[in-house]
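Structure assessment
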Amino acid sequence: MKKSMEIPDCQYPSGPVLVQPSGSTPKHRLYLSNLDDQKFLRFSIKYLYVFREAVPIDRLRSALSDILVHYYPLAGRLTRVVSGGGSEEGVESEEKLEVDCNGEGAIMAEGFVDISANDFCSRPPNRSWRKLLYRVPDASTFLGVPPLVIQVTHLTCGGMILCTAINHCLCDGIGTSQFLHAWAQATANPLSDPQVMPFHDRTMLKPRKPPQINFSHPEYGADLIGNNSSSSLSLNQFLLSQPLTPISITFSSSHILHLKKQCTPSIKCTSFEMLAVHVWRAWAKSLELPSTLQIKLLFSANVRKKIKPNLPQGFYGNGFVLGCAETPVNQLLASNPYYGIRLIQLAKQSLHDSYVRSVIDLLEEKRSIPDMSASLVISAWSRLGLEELDFGSGKPLHMGPLTSEIYCVFAPVVGDLGAINVVISVPEGVAKRFEHYCIKGFEEREEKSEIEGVNNGERYCEIVV
């Protein structure tokens, strides 16, 4: 088991620069849909990449300036919607946000840290990684942080760490991947146009008039369906009060296949469904939850092709809703994974056009937030192509989240398409139990494979804390 290592402080040779679009861009206010402007999305998606060879900062900056001509809202600023029918004395909305596409620019910082790429990649996530992303001074509120903040950190070996913070109200995971690939392409091939042109408009996701909430929406919780309990509130309070330990567990494709074979009866399922149930069960066991407590698994589900008509190619806004599987603890843990997989599959099947429209209308009426009281939330990054990013010096050695304090992330594993890296933060006192339940049965299987001479050096499960 690898031990956590604090990284040295970053040294900044100069201050950050404001990177503006290299050409003229439209100046207007961009409407954000109710899927964009959810209260629980008011944060930045923070990615961390490690590259063996650095790309000159001037090339990165020039390409970013060029690509911001196409993705100009990322060079704008979030602001509150001003109501009042166009009056100069309009009133700022306390709820609704929009983007002022003013071309002010993205922030890019350049730093240096005394560590090599290999040393960095050999260690697990920890809180000191936050040093690798520039903190905007005097940004006392969410609105004070530009939609796009980037830091390029040079390493002693000649490599670099690239950290990006992209505002979630503007992009979901698919959208951020689309933007990052466009930037990488512009860096590697400066004269090329983006392979996929961004689609900015979100008005096809406007609520109906009047709103029609036709489903119960358990993902948005107790305030809607009245099923909260003191136990779930106590669990939430416990999780919020404890110091958290980040854990990273890499599951190979062989590991996931082995999990699938444990299902009785057998069931056709995706790697996400299988691993989500495995992690959910380990989470519930490690927390030693009351057997009758109703718990939930919330997971992001792409609905670009569920909406009628489908969202256009190049749409980079939030095109996902939360799927929700729920069950009493004892039923999830008493059965084999088959039961949990069916819950997830049924939840996914419910996410049709009518359901998505009902979510949009619900958010118009209630501005609800997801039920986090007794829920594990999983965000799947493993099929977005994030690990394929190439700025011209080769693909990354590592790709993952900068932090994972709220959600469990299923991150890609560079060089192994079928593998998934589970990154999650759990209370310190729970960490060892969670690890135990995640890898239970695999240590014995690996030893048996080595004895039979068929392991070939493959690690079924690598854990770092």
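Residues numbered from 1 in each chain as written. Predicted model: local features only at pLDDT ≥ 70, side-chain atom pairs only at ≥ 80, totals over all residues. Heavy atoms only, no water.

**Observations concerning the overall build of the chain**
- Along the backbone of the chain there are twelve helices and 16 strands.
- By residue count, 53% of the 465 residues in the chain fall in the buried class.
- Partitioning the contacts of the chain with sequence separation of at least 6, the portion at a separation of at least 24 is 80%.
- Here the chain displays about 20200 Å² of accessible surface, and carbon together with sulfur accounts for 50% of that area. (Helix = DSSP H or I, 4+ residues; strand = E, 2+ residues; numbered from the N terminus. Buried < 20%, exposed > 50% of the residue type's maximum accessible area, 1.4 Å probe, protein only. Contact = heavy atoms within 4.5 Å. Areas by Shrake-Rupley, 256 points an atom, 1.4 Å probe, with all protein chains shown as cover.)

**Focus on the pairing of strand S6 (residues 106-112)**
- Among the seven residues of S6, six are classified as buried, and the element is accordingly described as predominantly covered.
- Examined bridge by bridge, S6 and strand S7 (residues 148-154) share six bridges and lie parallel to one another. Residue pairing for S7: Ala109 is matched across the bridge by Gln151. (Pairing = 2+ DSSP bridges.)

**Here we look at the sheet that holds strand S13 (residues 398-401)**
- Taken together, six strands build an open sheet; the order of strands is S1-S6-S7-S8-S3-S13 and the sheet is mixed. Two strands bound the open sheet, and with one partner strand each, they are strand S1 (17-19) and S13. Averaged over all neighbouring strand pairs, the angle between strand axes comes to 20°, with direction disregarded.
- Here helix H1 (residues 57-70) sits on the sheet in contact with S1, S6, S7 and strand S8 (160-167), set at roughly 170° to S6. (Axes fitted to C-alpha atoms, helices over the stretch in contact; angles between N-to-C directions.)

**Regarding the packing of H1 against helix H3 (residues 173-188)**
- In the contact formed by H1 and H3, the axes pass within 8 Å of each other and the chain directions differ by 125°. Comparing their axes, H3 and H1 come out oblique. Considering only the axes of H1 and H3, their crossing is right-handed. Counting all contacts with H1, which are made through Arg59, Leu60, Ala63, Leu64 and Ile67, the residues of H3 involved are Phe179, Ala182, Trp183, Ala186, Thr187 and Ala188.
- When its residues are assigned to classes, the contact of H1 with H3 shows nine nonpolar, one polar and one charged. (Parallel < 35°, antiparallel > 145°, perpendicular 65-115°, else oblique. Left-handed = near helix turned anticlockwise from the far one by under 90°. Nonpolar A, V, L, I, M, F, W, Y, C, P; charged D, E, K, R; others polar.)

**Describing helix H9 (residues 337-349)**
- In a regular helix each residue adds 1.5 Å, so 13 residues correspond to 18 Å; H9 covers 18 Å between its end C-alpha atoms and thus fits that length.
- Taken as a whole, H9 has its buried residues at Pro337, Gly340, Ile341, Leu343, Ile344, Gln345 and Ala347.
- Elements in contact with the buried residues of H9: helix H7 (271-287), strand S10 (294-302), strand S11 (320-328) and helix H8 (329-334).
- Between the side-chain oxygen at the start of H9 and the backbone nitrogen of Tyr338 there is a gap of 2.7 Å, and the oxygen is on Asn336. (Expected span 1.5 Å × (residues − 1). Polar contact = N/O pair within 3.5 Å; in protein donor to acceptor, adjacent residues only side chain to side chain.)

**Regarding the packing of helix H6 (residues 253-260) against H7**
- For the pair H6 and H7, interaxial distance at closest approach is 10 Å and the crossing angle is 75°. Classed by the angle they form, the pair H6 and H7 counts as roughly perpendicular. Where H6 approaches H7, its residues Ile256, Leu259 and Lys260 are matched on the opposing element by Ser271, Met274, Leu275 and His278.
- Grouping the constituent residues of the contact of H6 with H7 by class yields four nonpolar, two polar and one charged.

**Focus: the nonpolar core**
- With 63 residues, the main nonpolar core has Trp283, Ile295, Phe410 and Phe434 as its most contacted residues.
- For this core, the element with the highest residue contribution is H7, accounting for eleven residues.
- Not counting residues up to four positions away in its chain, the partners in contact with Ile295 are Trp280, Trp283, Ala284, Leu289, Ala325, Glu326, Thr327, Val329, Leu332 and Ala374.
- Grouped together as the second largest cluster of nonpolar side chains are 47 residues, Ala63, Ile166, Cys171 and Phe179 included. (Core = buried A, V, L, I, M, F, W, Y, C linked by side-chain atoms within 4.5 Å.)

**Focus: the side chain of His278**
- Note on placement: His278 falls in helix H7.
- For His278, a relative accessible area of 13% corresponds to the buried category.
- The residues contacting His278, other than those within four sequence positions of it, are Phe251, Leu259, Tyr437 and Cys438.

**Comments concerning the pattern of salt bridges**
- This model, assessed by the stated rule, comprises 16 salt bridges.
- Between Arg367 and Asp37 there is a salt bridge; the shortest N-O distance is 3.2 Å. Linking Arg367 in the loop between helix H10 (353-366) and strand S12 (375-380) with Asp37 in the loop between strand S2 (28-31) and strand S3 (44-51), this pair joins segments that are 330 residues apart in sequence.
- Its relative accessible area of 16% is what places Arg367 among the buried residues.
- The salt bridge partner of Glu388 is Lys395, with a shortest N-O separation of 2.4 Å.
- Taking relative accessible area as the criterion, Glu388 reaches 35% and is therefore assigned partly exposed.
- Looking at Lys395, the relative accessible area reads 47%, which means it is partly exposed.
- Each of the salt bridges in this network shares a partner with another, and the network as a whole consists of Asp37, Arg42, Lys96 and Arg367. (Salt bridge = Lys/Arg side-chain N within 4 Å of Asp/Glu carboxyl O.)

**A closer look at the pairing of S12**
- Alignment of S10 against S12, held across four bridges, turns out to be parallel. For Phe299, the partnering residue across the bridge sits in S12 and is Ile378.

**So, the packing of aromatic side chains**
- Under the defined criterion, the tally for this structure stands at eleven aromatic pairs.
- An aromatic cluster is defined as three or more aromatic residues linked by ring pairs; in this entry it consists of Tyr49, Phe51, Trp183 and Phe391.
- The ring of Tyr316 has Arg202 lying over it, and the distance from NZ or CZ to the ring centre is 5.1 Å. (Phe/Tyr/Trp six-rings, centres within 6.5 Å; stacked < 30°, edge-to-face > 60°. Lys NZ or Arg CZ within 6 Å of the ring centre and 35° of its normal.)

**Brief notes about the state of the cysteines**
- All chains considered together, the criterion is met by zero disulfides.
- Distance from the sulfur of Cys157, which forms no disulfide, to the nearest cysteine sulfur (Cys121) is 8.9 Å.
- With relative accessibility at 43%, the residue Cys157 sits in the partly exposed group.
- Here Cys263 stays free of any disulfide, with the sulfur of Cys269 as its closest cysteine sulfur at 5.5 Å.
- A relative accessible area of 6% means that Cys263 is categorised as buried. (Disulfide = S-S within 2.5 Å.)

**What about H6?**
- Turning to H6, its buried residues number three or more, namely His255, Ile256 and Leu259. The arc that holds every buried residue of H6, seen down its axis, measures 95°, which confines them to one face. (Arc of directions from axis to C-beta.)

Geometric values such as these leave the question of function open.
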